[in-house]
Amino acid sequence: MKTLKRNKVKIYYANYSNQVELKDSNGLYTGEYGIGYTDPVEVFVNVSAARGEAKNEMFGTDLNYSKKIVSETDLGWNENTVLWIDRDTTETHNYVVVSVAKSINSVTYAIKEVSVS
């Protein structure tokens, strides 16, 4: 029931790919490295409403997350995956995956809202 087609929304994700060398405003390499991601990929999944207080938490009580995403297939996401939910990919991402819980019939991802400048 959690993965009915009518409950799915379009989001975008990008997985970690490699480290990239950073450049300054003049286009010169700084010697520092940043995180590189794949191009954003469109996917339709079930995104839960904002997290409320519940007695039993799927991912434990110490993990801080905002929402859950449920998929009937493994999307290949891990704790380095970034997401664009209700946002265009021309803007910076607004969610990150904080935990993955796999079961026989579905995969549940705990996601956290982030502010990226």
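Above: the structure in question.
Residues numbered from 1 in each chain as written. Predicted model: local features only at pLDDT ≥ 70, side-chain atom pairs only at ≥ 80, totals over all residues. Heavy atoms only, no water.

A. Examining the pairing of strand 8 (residues 107-113) more closely. Buried residues dominate strand 8, accounting for five of its seven residues. Where strand 5 (residues 67-71) meets strand 8, five bridges bridge the pair, whose relative direction is antiparallel. Across the sheet, Ile-69 pairs through a bridge with Tyr-109, a residue of strand 8. One ladder, built from seven bridges, connects strand 7 (residues 95-102) with strand 8; its direction is antiparallel. Within strand 8, the position partnered with Lys-102 by the bridge is Val-107. In this antiparallel pair of consecutive strands, strand 7 and strand 8, the connection spans four residues. (Buried < 20%, exposed > 50% of the residue type's maximum accessible area, 1.4 Å probe, protein only. Helix = DSSP H or I, 4+ residues; strand = E, 2+ residues; numbered from the N terminus. Pairing = 2+ DSSP bridges.)

B. Spatial organisation of the nonpolar core. Formed by 15 residues in total, the largest nonpolar core has its most connected members in Ile-11, Ile-69, Trp-77, Leu-83 and Ile-85. Discounting chain neighbours no more than four positions away, the residues touching Ile-11 are Val-41, Glu-42, Val-43, Val-45, Val-47, Ile-69, Trp-77, Leu-83, Trp-84 and Ile-85. Counting residues in each nonpolar core, the second largest holds five residues, with Ala-14, Val-82, Trp-84 and Val-96 among its members. (Core = buried A, V, L, I, M, F, W, Y, C linked by side-chain atoms within 4.5 Å. Contact = heavy atoms within 4.5 Å.)

C. Up close: a nonpolar patch on the surface. On the surface, a cluster of nonpolar side chains totalling about 290 Å² of accessible area is made up of Tyr-16, Ile-35 and Tyr-37. Relative to the helices and strands, Tyr-37 is located in strand 3 (residues 29-37). By relative accessible area, Tyr-37 is classed as partly exposed at 32%. (Patch = residues over 30% accessible without salt bridge, like charges linked within 9 Å, V, L, I, M, F, W, Y side chains within 5 Å. Areas by Shrake-Rupley, 256 points an atom, 1.4 Å probe, with all protein chains shown as cover. Salt bridge = Lys/Arg side-chain N within 4 Å of Asp/Glu carboxyl O.)

D. Summary view of the pattern of salt bridges. Scanning the model with the defined rule gives four salt bridges in all. A salt bridge links Glu-72 to Lys-8; the nearest nitrogen and oxygen atoms lie 2.9 Å apart. Pair noted here: Glu-72 is in the loop between strand 5 and strand 6 (82-84) and Lys-8 is in the segment before strand 1 (9-14), with a separation of 64 residues, a long-range link. Put simply, Glu-42 and Lys-10 hold a salt bridge, and the shortest N to O gap is 3.9 Å. With a gap of 32 residues between them, Glu-42 in strand 4 (residues 41-47) and Lys-10 in strand 1 connect regions that are remote in the sequence. Residue classification places Glu-42 among the partly exposed positions, given a relative accessible area of 44%. A residue is classified by how much of its surface remains accessible, and Lys-10, at 43% relative accessible area, is partly exposed.

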